[in-house]
Amino acid sequence: MAERRICNYEGSTYRTDFWEGRGREYEDLAERIAIRAMLPPTGRRLVDVGAGFGRLADLYDGYDEVVLLDYSQSQLEYARQQLGDERFVYVAADIYRLPLADACVDAAVMVRVLHHLEDVPTAFGQMARALAGGGAYVLEFANKRHLKNLLRWVLGRGPNPARREPLQFVDLHFDFHPLWVQERLQEQGLSVAKRRSVSLFRVGLLKRLLPARLLAALDALQQRPLARAYLAPSVFVRAALPAGEAAGLPPRNALLACPRCGAALECSPEADECPACGGRWPLVNGIHVFK
């Protein structure tokens, strides 16, 4: 298979150009409501894949250890400056080759990432490998069959949103049918237990007329009742592997694994090294860099 392409935010001003002061307070609040409702409040170790600059890190206060993983080293450097090292591990890597040991986390979060992925099955396989049995995987994705797309199709101005296959509307930006996503999760042994309909009121006029907190409160009221109608532009699901025997998560010094061969890495203050295949990856400004 050809090398999978990565949507790279390295060196970008995503934090300031998209989030801070850009009128997306409602979306941020609505997503936080969904995550709080779906993510277990406490646990041993959580990984946030596509963590970026750490926008959601304050939601993970109940976890002993948090792995912030993103392909962009510069985004992680900002997160580290704000959050420090006490509970956080920073990993620059891509989702198709997660440098994480098997069954090493009991919770995983992936928000605003799937719409950049052209190989969803491989990504879900990596998430299933890293997640311990019974652990929670909270996933957000861009919904292909949301209300505005349905209206566009009825008016003859867009493709049929009922078709299952992903829709790439610009390069490395995909919308997904919720049932297609559920099928791909099931192929990796991940069962969907909960759903949420999020950001239903993502309309410019409403956002100008109503305060963000009021819109978020209205969003909270509809997230569960309208979840299976799939009318909102974002869908959140909580999936899990079957619960297995309680073997316990690996310790911190056994958290990282070689992205090439899967062997346990030997970690030093300078680099992570693989004794099996000879791979070596640097530790730069407190970030484990696997790029």
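The following refers to the structure shown.

The rules behind each value
- Residues numbered from 1 in each chain as written.
- Predicted model: local features only at pLDDT ≥ 70, side-chain atom pairs only at ≥ 80, totals over all residues.
- Heavy atoms only, no water.
- Helix = DSSP H or I, 4+ residues; strand = E, 2+ residues; numbered from the N terminus.
- Rg over C-alpha atoms; globule rule 2.2 N^0.38 Å.
- Buried < 20%, exposed > 50% of the residue type's maximum accessible area, 1.4 Å probe, protein only.
- Contact = heavy atoms within 4.5 Å.
- Areas by Shrake-Rupley, 256 points an atom, 1.4 Å probe, with all protein chains shown as cover.
- 1 Å grid on protein atoms, 1.4 Å probe; cavity = no way out; pocket = protein on both sides within 12 Å on 5 of 7 lines; lining within 4 Å.
- Points joined across faces, edges and corners; volume = space filled by probe spheres on them.
- Phe/Tyr/Trp six-rings, centres within 6.5 Å; stacked < 30°, edge-to-face > 60°.
- Core = buried A, V, L, I, M, F, W, Y, C linked by side-chain atoms within 4.5 Å.
- Nonpolar A, V, L, I, M, F, W, Y, C, P; charged D, E, K, R; others polar.
- Polar contact = N/O pair within 3.5 Å; in protein donor to acceptor, adjacent residues only side chain to side chain.
- Patch = residues over 30% accessible without salt bridge, like charges linked within 9 Å, V, L, I, M, F, W, Y side chains within 5 Å.
- Salt bridge = Lys/Arg side-chain N within 4 Å of Asp/Glu carboxyl O.
- Axes fitted to C-alpha atoms, helices over the stretch in contact; angles between N-to-C directions.
- Left-handed = near helix turned anticlockwise from the far one by under 90°.

### Comments concerning the overall build of the chain
Within the chain, the secondary structure is distributed over 8 helices and 13 strands. Taking 19 Å as the expected radius of gyration for a compact globule of 291 residues, we find that the chain reaches 19 Å, a close match to that expectation. Evaluated residue by residue, the chain yields a buried proportion of 47% over its 291 residues. Intrachain contacts of the chain at a sequence separation of at least 6 include 68% that bridge at least 24 residues. If you sum the accessible surface of the chain, you get close to 13,600 Å²; carbon and sulfur atoms cover 52% of it.

### Here's the deal with empty space enclosed by the protein
Vacant regions in the atomic arrangement are exposed by a probe of water-molecule size rolled over the atoms. Applying the stated criterion across every chain yields a total of 1 cavity of 30 Å³ or more. Here the largest cavity is characterised by a volume of approximately 50 Å³. In terms of lining residues, the largest cavity is bounded by Phe141, Pro178, Val181, Gln182, Leu185, Val192, Arg195, Tyr230, Val235 and Val237. Broken down by secondary-structure element, the contributors of at least two residues to the lining of the largest cavity are α6 (178-187), β8 (191-198) and β9 (234-240).

### Quick look at the packing of aromatic side chains
All told, the structure shown has 10 aromatic pairs when counted by the stated rule. An angle of 75° between the planes, with centres 5.2 Å apart, marks the rings of Phe18 and Trp19 as edge-to-face. What makes Phe18 partly exposed here is its relative accessible area of 25%. Given a relative accessible area of 8%, Trp19 falls into the buried group. Ring pairing ties together the aromatic residues Tyr9, Tyr14, Phe18, Trp19, Phe53 and Tyr78, which thus form one cluster.

### Brief notes about the nonpolar core
Core analysis: the biggest nonpolar cluster contains 49 residues, and Met110, Leu114, Tyr137, Leu139 and Leu185 have the highest contact counts within it. Breaking this core down by element, the ones donating at least two residues are β1 (43-49), β2 (63-70), β3 (88-92), β4 (105-110), α4 (120-130), β5 (131-142), α6 and β9. Sorting elements by how many residues they give to this core places α4 first, with 6 residues. What Leu185 contacts, discounting residues up to four positions off in sequence, is Phe124, Tyr137, Leu139, Leu190, Val192, Val237 and Ala239.

### Thoughts on the side chain of Gln222
Here Gln222 shows up in helix α8 (residues 212-223). The residues touching Gln222, leaving out its near neighbours within four places in the chain, are Ser197, Val198, Leu200, Phe201 and Ala227.

### Quick notes on the layout of surface pockets
The volume enclosed by the largest pocket comes to roughly 940 Å³. Forming the walls of the largest pocket are 42 residues, and the residues nearest its centre are Tyr9, Arg112, Val113, His115 and His116. Counting residues per element, the ones that place at least two in the lining of the largest pocket are α1 (14-19), β1, β2, β5 and β7 (173-175). Here the element with the most residues in the lining of the largest pocket is α1; it accounts for 3 residues. Residue composition of the lining of the largest pocket, grouped by class: 21 nonpolar, 10 polar and 11 charged. As a volume, the second largest pocket reaches approximately 160 Å³. Surrounding the second largest pocket, Ala37, Met38, Ala193, Lys194, Arg195, Arg196, Arg224, Ala227 and Arg228 form its lining.

### Side note on the side chain of His116
Within the fold, His116 resides in the loop between β4 and α4. A polar contact is formed between the side chain of His116 and the backbone oxygen of Leu172, at a distance of 3.0 Å. In this view, His116 contacts Cys7, Tyr9, Leu172, His173 and Phe174; residues no more than four positions away in its chain are not counted.

### So, a nonpolar patch on the surface
A surface patch of nonpolar side chains, amounting to about 340 Å² of accessible area, comprises Trp153, Val154 and Leu155. Mapping Leu155 onto the fold places it in the loop between α5 (147-154) and β6 (167-170). Relative accessible area serves as the criterion here: at 58%, Leu155 is assigned to the exposed category.

### Focus: the packing of helix α2 (residues 25-38) against α8
The relative placement of two packed helices comes down to the angle between their axes together with the axis-to-axis distance. The N-to-C vectors of α2 and α8 enclose an angle of 35°; their axes lie 9 Å apart at closest approach. Our pair here, α2 against α8, has a crossing hand that is right-handed. Each of Glu25, Tyr26, Leu29, Ala30, Ile33 and Ala34 in α2 lies in contact with α8, whose residues at this interface are Ala212, Arg213, Leu215, Ala216, Asp219, Ala220 and Gln223.

### Let's talk about unusual backbone geometry
Located in the positive-phi region is Leu172, a residue other than glycine, with phi close to 55°. Relative to the helices and strands, Leu172 is located in the loop between β6 and β7. Of the residues examined, Leu172 reaches a relative accessible area of 7% and is grouped as buried.

Coordinates in, geometry out; function isn't part of it.
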